[in-house]
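# Remarks on the overall topology
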Amino acid sequence: MSEHSTDLRETVRRRYAEAAVRATAGGTACCGPEPVEVDETFGSTLYAADERDALPATAVAASLGCGNPIAVAELRTGERVLDLGSGGGIDVLLSARRVGPTGKAYGLDMTDEMLELALANAEKAGATNVEFLKGTIEAVPLPANTIDVVISNCVINLSTDKPAVFAETFRVLKPGGRIGVSDVIADDALAPAQRAERGDYAGCIAGALSFAEYRQGLEAAGFTDVEITPAHAVADGMHSAIVRATKPR
């Protein structure tokens, strides 16, 4: 990893460590150009009220995403789910409820403070079919062909090695497995420098791929049936988008 990439990763880690501390203390935080402001484009407001009400308040407060991947992943009873960049655990806990006691939900995060918060939230929620792992989304600490569904909420854009993320996602999925991801994606007309003008890297803006780049990255990793659907604007020419794709059988 280059020095620049290492610096970016550390910047991201620090911001989300601070977000975990704020959430633990009863505050809120989110992704986006203004990382301490929660509005209709980022954060827990993107979840239904009944979903928020069923979870510990600190899990809701630590929701930093740009969408609700649970709403698009079509999780089924008994499935094994992996959340890339699981943060305070909101999507892991919601996934665990969907897949039931015969299924399992894994959360992967590189930030100690977020993992500590997620474990506390799982205990408060009484969730027994969850497991939180420390690691990076570029090197997933799980065996190949073991996961039915990979979800992620506004995290892949934070990676400095997105081809590795797509390759690792493909590797851990079972044949026929699928992804249901919410992420920030740029219009194809926006150059990387123009994306950076709209927000910083740790705020989920500067590192976003374009629609064409995202599709190409998934297909290069081996995915088929790629669908990328913009959901709502998060900045000029930047969108929260729903991404679906399948690993061939």
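Above this text you will find the structure in question.
So, here is what we can say about the structure in this document. (Residues numbered from 1 in each chain as written. Predicted model: local features only at pLDDT ≥ 70, side-chain atom pairs only at ≥ 80, totals over all residues. Heavy atoms only, no water.)

Time to look at helix α6 (residues 112–125). For α6, which comprises 14 residues, the first-to-last C-alpha distance of 20 Å matches the rise-based estimate of 20 Å (1.5 Å per residue) to within 8%. Residues of α6 that are buried: M114, L115, L117, A118, N121 and A122. Looking straight down α6, one finds its buried side chains confined to an arc of 160°; they lie on one side. Those residues of α6 that are exposed and aimed more than 90 degrees away from the buried face are E116, E123 and K124. (Helix = DSSP H or I, 4+ residues; strand = E, 2+ residues; numbered from the N terminus. Expected span 1.5 Å × (residues − 1). Buried < 20%, exposed > 50% of the residue type's maximum accessible area, 1.4 Å probe, protein only. Arc of directions from axis to C-beta.)

Under the counting rule described, the total for this entry stands at two aromatic pairs. Ring centres of F170 and F223 lie 5.2 Å apart, and the angle between their planes is 90°; on these two criteria the pair is classed as edge-to-face. With F170 in helix α7 (residues 162–172) and F223 in the loop between α9 (211–221) and β6 (224–235), this pair connects stretches of sequence that are 53 residues apart. Side by side, F170 and F223 carry an identical accessibility label, which is buried. (Phe/Tyr/Trp six-rings, centres within 6.5 Å; stacked < 30°, edge-to-face > 60°.)

So, on to the pairing of strand β4 (residues 147–153). In terms of residue burial, β4 counts as a mostly covered element, since seven of its seven residues are buried. As defined by bridge partners, strand β1 (residues 80–84) adjoins β4 across four bridges and the pair is classed as parallel. Counted as the bridge partner of V81 is V149 from β4. You can see the chain leave β4, run along α7 and come back into strand β5 (residues 173–186), and the turn it takes is right-handed. (Pairing = 2+ DSSP bridges. Right-handed = clockwise from strand over helix to strand, strands pointing away.)

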